[in-house]
Amino acid sequence: MAKKKGRLDFIKMKQNHEQVAWVTAYDFPTAQFAEAAEMDMILVGDSLGMCILGYKGTVPVTMEDCISHCKAVRRGAPETFIVGDMPFGSYQITNSEAVYNAARFLKEAETDAIKLEGGLRTAGALKAIADAGILAMGHIGLTPQSSGPLGGFKAQGLDPYSARFVIEDALAVQEAGAYALLIEAVPPELCSFIAKKLTIPVYSIGAGGPCDGQLLISSDMIGMFQSFTPKFVKVYANVGEQITKAFKEYVKDVHTGVFPSDEYCYHIRKGMEEDYNKMLKEFE
Ligand code: KIV
């Protein structure tokens, strides 16, 4: 098994132009699979709201949801760097509340870092968290928690006017003391430019490359989340299809009495069959 990576390893990887591969995970088994695949890092994203809890977006997700899923992921991937995603409302009210909530991820769920959305507009909370000694990652570009003000789940920085805002956000995140930055759904040219400009590692989700690494949502890439698949997702497996196929076969087997056959049953202790049947008769 590969050695658990930390912040300095990620900086070294940036300097050596090595790409970080990471995915989201929300539960114990997926975390185990990610660790077995030697994933460099795992995000317990608030996308769990859509992928696991069935909400339309990430806004309803609570601190308790995030902490509980982070704990499960930590149990499944004890030797992997884990980033906990701060849910909407957990870092926007006051900086001290932001620090308190960020600390909960480390203390209760043993994550290695936290992530929060926003550049300039959340730089104060980011700075307060980083100043408290917590590894904090910024997340800019398409920020799902603020898809309302952005006009939906839309790519950002497609023209020079909006690209300027993305660059200003990136600079603000580094200035605030973040150890890394995630950029979502912008053109590759913009993401690469920012990755070269910043000294901290810059990761892409739907922002092409080259930068310092790629993130995908596990439920999208293995076909577990079927409501929609963003343009930037490469689907590596269709687990959802396989589960439906298995469930259908099971329904058929139960309805036709094929399951459970003898091989799936426990058997009466050898030599006790007669006594067993006698006992059953007493209750007839
Ligand atoms: O919650 C999440 O999975 C995320 C990704 C969309 C980056 O924040």
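Going by the structure above, here's the rest.
Residues numbered from 1 in each chain as written. Predicted model: local features only at pLDDT ≥ 70, side-chain atom pairs only at ≥ 80, totals over all residues. Heavy atoms only, no water.

Chemist: Please clarify how the site of the ligand should be interpreted in this entry.
Modeler: With respect to spatial proximity, 13 residues lie near the ligand, and among them G45, D46, S47, D85 and K115 are the closest. The separation between an oxygen atom of the ligand and a polar side-chain atom of D46 is 2.8 Å. Taking S47, its side chain carries an N or O atom lying 2.5 Å from an oxygen atom of the ligand. In this structure, the ligand is accommodated by the largest pocket. By residue class, the composition of the shell around the ligand is five nonpolar, four polar and four charged. (Near = heavy atom within 4 Å. Polar contact = N/O pair within 3.5 Å; in protein donor to acceptor, adjacent residues only side chain to side chain. 1 Å grid on protein atoms, 1.4 Å probe; cavity = no way out; pocket = protein on both sides within 12 Å on 5 of 7 lines; lining within 4 Å. Sits in = over half its atoms within 2 Å of the grid points. Nonpolar A, V, L, I, M, F, W, Y, C, P; charged D, E, K, R; others polar.)

Chemist: Got a minute to help me understand the nonpolar core in this structure?
Modeler: Soluble globular proteins tend to bury their nonpolar side chains together. Ranked by internal contacts, the top residues of the largest apolar core, which has 72 residues, are W22, M41 and L181. Residue contributions to this core peak at five residues, all from helix α4 (residues 63–76). Once residues within four sequence positions are removed from consideration, W22 is found in contact with M39, M41, I42, L43, V83, M137, L182, Y203, Q214, L215 and L216. (Core = buried A, V, L, I, M, F, W, Y, C linked by side-chain atoms within 4.5 Å. Buried < 20%, exposed > 50% of the residue type's maximum accessible area, 1.4 Å probe, protein only. Helix = DSSP H or I, 4+ residues; strand = E, 2+ residues; numbered from the N terminus. Contact = heavy atoms within 4.5 Å.)

Chemist: I'm lost on the pattern of salt bridges in this one. Help?
Modeler: Opposite charge on two side chains makes pairing possible when the charged atoms of those side chains draw close. Counted under the stated rule, the structure contains nine salt bridges. For the salt bridge of K4 with D112, the shortest nitrogen-to-oxygen distance reads 2.8 Å. With a gap of 108 residues between them, K4 in the segment before α1 (7–15) and D112 in the loop between α5 (95–109) and β4 (113–117) connect regions that are remote in the sequence. The exposure class of D112 is buried, given its relative accessible area of 18%. Several salt bridges share partner residues, and in doing so they unite K4, R74 and D112 into one network. (Salt bridge = Lys/Arg side-chain N within 4 Å of Asp/Glu carboxyl O.)

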